[in-house]
Amino acid sequence: MIPLRASYRDISPYSPPKRPCRVDLSDNTNLFGVPPAAARKLGEFHAELLGRYPRSYAPDLRRVLASRIGVGAEWVTTGCGSDDVIDSALRAFLEPGEVLAFQDPTFVMLPLFAKVNGLRPAAVPLRADFDVDPEALLATGAKVIYLCSPNNPTGTALSRASVERVVDEAPGLVIIDEAYADFARGPGFVDLALTRTNVLVTRTFSKAFGLASMRVGWGVGHPKVVAEVEKARGPYKLTQLAESMAVATLNEDLPWVRVWAEEAVANRERLRDALLAMGLKPLPSEGNFLLVPVPGAPEVAERMRERDVNVRAFQGLTGVGDALRIGSAPWPLLETALTALRESLR
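Asks: Before we go on, may I ask you to explain the pattern of salt bridges in this structure?
Replies: Two side chains that carry opposite charge are able to pair once their charged atoms sit near each other. All told, the structure shown has 24 salt bridges when counted by the stated rule. R63 is the salt-bridge partner of D60, the closest N and O atoms lying 2.8 Å from each other. Linking D60 with R63, this pair stays in helix α2 (residues 59-69), spanning three residues, or about one helical turn. Since its relative accessible area comes to 48%, R63 is described here as partly exposed. For E98, the salt bridge identified is with K143, shortest N-O distance 3.2 Å. Taken together, the residues span a long stretch of sequence, with E98 in the loop between α3 (82-93) and β3 (99-104) and K143 in the loop between α5 (134-139) and β5 (144-148) at a distance of 45 residues. The class for K143 is partly exposed, based on a relative accessible area of 38%. Through salt bridges with shared partners, a single ionic network connects R40, E44 and E252.

Structure follows, in structure tokens:
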């Protein structure tokens with residue numbers, strides 16, 4: 001028997017409870033369609049390119065993203081989803097055994113990334129208002145601090161004052177995950193990545209941009225930060241097709257993205273009203289989903305799956321308890337989910 005890493009023995013592959021369902025609202029992806037320019041690129045893709053490697057570090061996508069932000073391409077990194085960029089940053093800036101601090105609750109992959117990279121996770125509870133606790137995060141002494149705004153799974157946004165406090169006093173890198181920024185009211189924190197030397201802001205094409213299957217993520221930060229992330233992530237993380245679809249969407253379909261992001265937000269609030277009418281109390285959200293505290297959420301979610309609707313269940317979330325996360329979608333899908341939820345709560 002090949003010896004195993006002791007630190008890996010209690011790690012399970014990422015596999016949330018799921019089954020094929022007609023209505024799947026568990027991943028917070030864009031269920032309104034695919035950007036037309038991206039669909040066109042898919043149809044134009046030449047089969048002979050499948051036998052070739054893509055260019056190493058997605059130069060076209062980096063250039064277009066950088067141009068839209070107003071910086072040089074050396075300020076931008078890309079990856080196989082924004083989680084790949086985050087994972088690469090952890091490898092780049094933390095030695096095994098060092099501390100990774102993050103808000104709690106937050107993106108479920110953070111504790112897993114800590115384990116697989118041999119790091120010591122420091123989960124710091126959010127305050128009662130769901131803002132980050134700067135003093136507690138800084139007290140960990142972590143060389144890398146992870147923030148998520150709008151936060152997954154709560155949907156809540158972090159305050160500018162708290163984030164700036166963390167950035168100003170952190171001893172090392174601050175990663176700000178903005179996977180859901182396209183649905184939020186505020187401008188986000190990209191400006192901090194452009195004005196500070198210790199900030200990496202990450203974003204994704206998997207949510208508002210409708211390209212989850214293509215796995216395209218990116219980050220922006222000082223060139224010295226980006227250079228280390230690029231070294232850690234390695235080449236060929238984006239296929240040629242994925243890069244071309246992302247570039248086409250940025251160049252041609254940003255109005256399409258905005259329209260459907262606005263629709264997702266409008267339907268999220270319509271869903272909130274329906275949930276309130278049922279006597280439930282969803283958390284305020286700046287994402288394309290709602291987190292709804294529900295006792296026995298895993299069992300409720302299983303009963304919903306029996307009714308052909310999949311939502312994400314969480315058990316014992318810090319400061320929340322059991323809860324269901326329901327992604328926004330075209331209203332007929334949400335109506336079906338509401339019916340399944342009503343029947344599953346009886």
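Further notes follow.
Asks: Looking at this model, I keep getting lost on the pairing of strand β6 (residues 173-177). Mind explaining?
Replies: It is a general feature of regular strands that their side chains alternate between the two faces of the sheet. Summarising burial for β6: five of the five residues are buried, a large majority. Across the two faces of β6 the burial is the same, with L173, I175 and D177 and V174 and I176 all buried. Pairing of β5 with β6, which is carried by five bridges, proceeds in the parallel orientation. Bridge pairing in β6 links V144 to L173. Considered for its hand, the β-α-β crossover made up of β5, helix α6 (residues 160-169) and β6 is right-handed. At this point the chain moves from β6, through helix α7 (residues 190-195), to the parallel strand β7 (residues 199-204), and the crossover so formed is right-handed.

Asks: Help me understand the sheet that holds β7, please; the structure alone is not making it clear to me.
Replies: The strands making up a sheet are joined through hydrogen bonds of the backbone, oriented either antiparallel or parallel. Judged by pairing direction, the sheet is mixed, and its seven strands sit side by side in the order β2-β8-β7-β6-β5-β3-β4 without closing on themselves. At either margin of the open sheet sits one strand with a lone partner, and together these are β2 (76-79) and β4 (120-125). Within this sheet the neighbouring strands show an average axis-to-axis angle of 20°, counted without direction. Examined bridge by bridge, β3 and β4 share six bridges and lie parallel to one another. Among the inter-strand pairings, A101 is bridged to a residue of β4, identified as A122. Against the sheet, helix α4 (residues 109-116) engages β3, β4 and β5, with an angle of about 170° to β3. Along the sheet face, helix α8 (residues 223-233) touches β2, β6, β7 and β8 (217-221) and points at about 25° away from the line of β2.

Thresholds, definitions, all that
Residues numbered from 1 in each chain as written. Predicted model: local features only at pLDDT ≥ 70, side-chain atom pairs only at ≥ 80, totals over all residues. Heavy atoms only, no water. Salt bridge = Lys/Arg side-chain N within 4 Å of Asp/Glu carboxyl O. Helix = DSSP H or I, 4+ residues; strand = E, 2+ residues; numbered from the N terminus. Buried < 20%, exposed > 50% of the residue type's maximum accessible area, 1.4 Å probe, protein only. Pairing = 2+ DSSP bridges. Right-handed = clockwise from strand over helix to strand, strands pointing away. Axes fitted to C-alpha atoms, helices over the stretch in contact; angles between N-to-C directions. Contact = heavy atoms within 4.5 Å.

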